[in-house]
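For reference, the chains in residue letters:
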Amino acid sequence: MIKKVAILANGGDVAGLNPVIRAIMRTAQTNGIECYGFIDGYKGLLENNFIRLDGNRLADGILPKGGSIIGSSTNTIVFNYKVTNPDGTVEYKDLSDLCVENVKKDEFDCVFTLGGDSTQKSARDLYIKGINTIGVPKTIDNDVACTDITFGYNTAVSVAAEALDRLHTTAETHHRIMCLEVMGRYAGWIALESAIAGGADAALIPEIPYDINKVAESINKRIARGKQFSVVVVSEGAAPKDGEASTFTSDVDSKSGISVKFAGAGDKVSKELQKLTGLESRCTTLGYMQRGGTPTAYDRVLSTKYGAKAMELAMEGKFGVLTVIKDGKLDYVSLEDVVGNNKKLGEVQGGTEDSNVRLVTMDHELVKTARDIGICLGD
Ligand code: F6P
């Protein structure tokens, strides 16, 4: 019998966090279970900073709200935590024991971890250390292994598709190439799906190193057919076949595992296409617009299903797992399968031998559809 649970949201915000929190909270309430939220993700777990979620105004009316009412923290890895000593020196410490202590002291029967790959890795490791964790897959990048879809992704694609519709107007009116840089560090799902939804002429994704001459060729063919404009979607992690992805590294600390920041891919493509086609070209970077704001109806429903399922799993005593959608059905898999050492599984999911992250595979129906309708993928 579980009596008390807590939720934490970790990593970048996405639309859908609050609906997941609401669904966990409501299912807990229905079953007479107390529900709490750690403030700012794993940071709250470390600092034992949490609030009661049910029965107060903070948690009212949150279904359509973007962001997270309990905050979220990025790059907080409790197993390798950056600590600045009073003398200014920096050390990396494993503070996971403190997290275990906090959870035990306050008698939380389960901690729900809302996050992507790195959040779920910590959830898996904390589970091994004796905390009952249940993960819920969150990221606009849609790259968590073992699930068909993460919450937040549908909203991001919808925002990108709307941006493409709006960019079309300027492209057509001014006879320009309009490039849209979208998020997706290692996975091109947002770029690919929004390109299809928004009628783009080319989509460059991290999984297909691009040849800029091929992209220019496809635009030149359009010009020859009388189409004096083109719209190109560029994933932030897209890289030329003979080069590297565009990153800025000022904030990166390899020791801490802080993730690389991507920037400039769209601008680079835009400048090169202007040279190669003679059409004027402009780049728009969509950035955090994709993560913020109200979730789509699809994301609200998905997040609610995930949250309710997560609470059900807790009541059934199934811990160390992640809620997933597999072949359209709500289900769960072990966190070990999602982020563990079974790289074979990662490979089936489109990952690599080093990572389980779910990438776009070349036989995926979205790739086939894009090619069928003539979207240039840069190869
Ligand atoms: O992983 C989600 C994501 O939105 C990526 O698409 C993007 O590269 C990254 O987060 C940006 O993170 P931050 O909020 O740290 O700038």
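Residues numbered from 1 in each chain as written. Predicted model: local features only at pLDDT ≥ 70, side-chain atom pairs only at ≥ 80, totals over all residues. Heavy atoms only, no water.

## Some remarks on the overall build of the chain
Each helix and strand counted, the chain has 12 helices and 15 strands in total. In summary, the chain has a C-alpha radius of gyration of 22 Å against a globular reference of 21 Å for 379 residues, a match within 12%. Referenced to the eigenvectors of the C-alpha coordinate spread, the extents of the chain come out at roughly 70 × 50 × 40 Å. The burial tally for the chain puts 54% of its 379 residues in the buried class. When contacts within the chain are restricted to residue pairs at least 6 apart in sequence, those whose partners lie at least 24 apart make up 70%. Total accessible area computed for the chain in this model is approximately 16300 Å², and 49% of it derives from carbon and sulfur atoms. (Helix = DSSP H or I, 4+ residues; strand = E, 2+ residues; numbered from the N terminus. Rg over C-alpha atoms; globule rule 2.2 N^0.38 Å. Buried < 20%, exposed > 50% of the residue type's maximum accessible area, 1.4 Å probe, protein only. Contact = heavy atoms within 4.5 Å. Areas by Shrake-Rupley, 256 points an atom, 1.4 Å probe, with all protein chains shown as cover.)

## Some words on helix H6 (residues 189–197)
Taken as a whole, H6 has its buried residues at Trp189, Ile190, Ala191, Leu192, Ser194 and Ala195. Where H6 is buried, its residues touch helix H5 (153–174), strand E8 (176–182), strand E9 (202–204), strand E10 (230–235) and helix H12 (365–372). Looking one or two places after H6, you find Gly199, whose phi comes out positive at around 65 degrees.

## Comments concerning the side chain of Ser68
Looking at where Ser68 falls in the secondary structure, it is placed in the loop between strand E3 (50–52) and strand E4 (81–84). Within the structure, Ser68 has its side chain in polar contact with the backbone oxygen of Gly71 (distance 2.8 Å). Once residues within four sequence positions are removed from consideration, Ser68 is found in contact with Ala9, Leu17, Asn18 and Ile21. (Polar contact = N/O pair within 3.5 Å; in protein donor to acceptor, adjacent residues only side chain to side chain.)

## A look at the environment of Ser334
When you line up the elements, Ser334 lands in strand E15 (residues 329–334). For the pair formed by Ser334 and Phe319, sequence separation is 15 residues and the distance between their alpha carbons is 8.2 Å. With near-sequence residues (within four places) excluded, Ser334 lies in contact with Gly320 and Val321.

## Notes on the pattern of salt bridges
Taken as a whole, this structure holds 16 salt bridges when the rule is applied. The partner of Asp13 in a salt bridge is Arg291, and the shortest N-O contact between them spans 3.1 Å. Separated by 278 residues along the polypeptide, Asp13 in the loop between strand E1 (4–9) and helix H1 (17–30) and Arg291 in the loop between strand E13 (280–285) and helix H9 (297–315) bring together distant segments of the chain. Several salt bridges share partner residues, and in doing so they unite Arg124, Asp125 and Glu336 into one network. (Salt bridge = Lys/Arg side-chain N within 4 Å of Asp/Glu carboxyl O.)

## Concerning the sheet that holds E9
Sheet strands associate in pairs through backbone hydrogen bonding, adopting either a parallel or an antiparallel arrangement. The four strands are arranged E9-E10-E8-E13 in an open sheet whose pairing can be described as parallel. Strands at the two margins of the open sheet, each flanked by one partner only, are E9 and E13. Direction aside, the axes of adjacent strands within the sheet are offset by 20 degrees on average. For E8 and E10, the ladder comprises six bridges, and the chain directions are parallel. Paired with Leu180 across the two strands is Val233, which belongs to E10. (Pairing = 2+ DSSP bridges. Axes fitted to C-alpha atoms, helices over the stretch in contact; angles between N-to-C directions.)

## Considering the packing of helix H7 (residues 212–224) against helix H8 (residues 265–277)
Put simply, H7 and H8 touch, their axes get as near as 9 Å, and they point 55 degrees apart. Of the possible angle classes, the one that applies to H7 and H8 is oblique. Remark: the crossing between H7 and H8 carries right-handed chirality. Residues Ile212, Asn213, Val215, Ala216, Ile219, Asn220 and Ile223 of H7 lie in contact with H8, whose contacting residues are Val269, Glu272, Leu273, Leu276 and Thr277. Grouping the constituent residues of the contact of H7 with H8 by class yields eight nonpolar, three polar and one charged. (Parallel < 35°, antiparallel > 145°, perpendicular 65-115°, else oblique. Left-handed = near helix turned anticlockwise from the far one by under 90°. Nonpolar A, V, L, I, M, F, W, Y, C, P; charged D, E, K, R; others polar.)

## Observations concerning unusual backbone geometry
Within the chain, Asn142 stands out as a residue other than glycine whose phi angle is a positive 60 degrees. Looking at where Asn142 falls in the secondary structure, it is placed in the loop between strand E7 (133–137) and H5. Of note, His175 is a non-glycine position whose phi angle comes to about 55 degrees, a positive value. As for its placement among the helices and strands, His175 is situated in the loop between H5 and E8. Residue class for His175 comes out partly exposed when judged on its relative accessible area of 46%.

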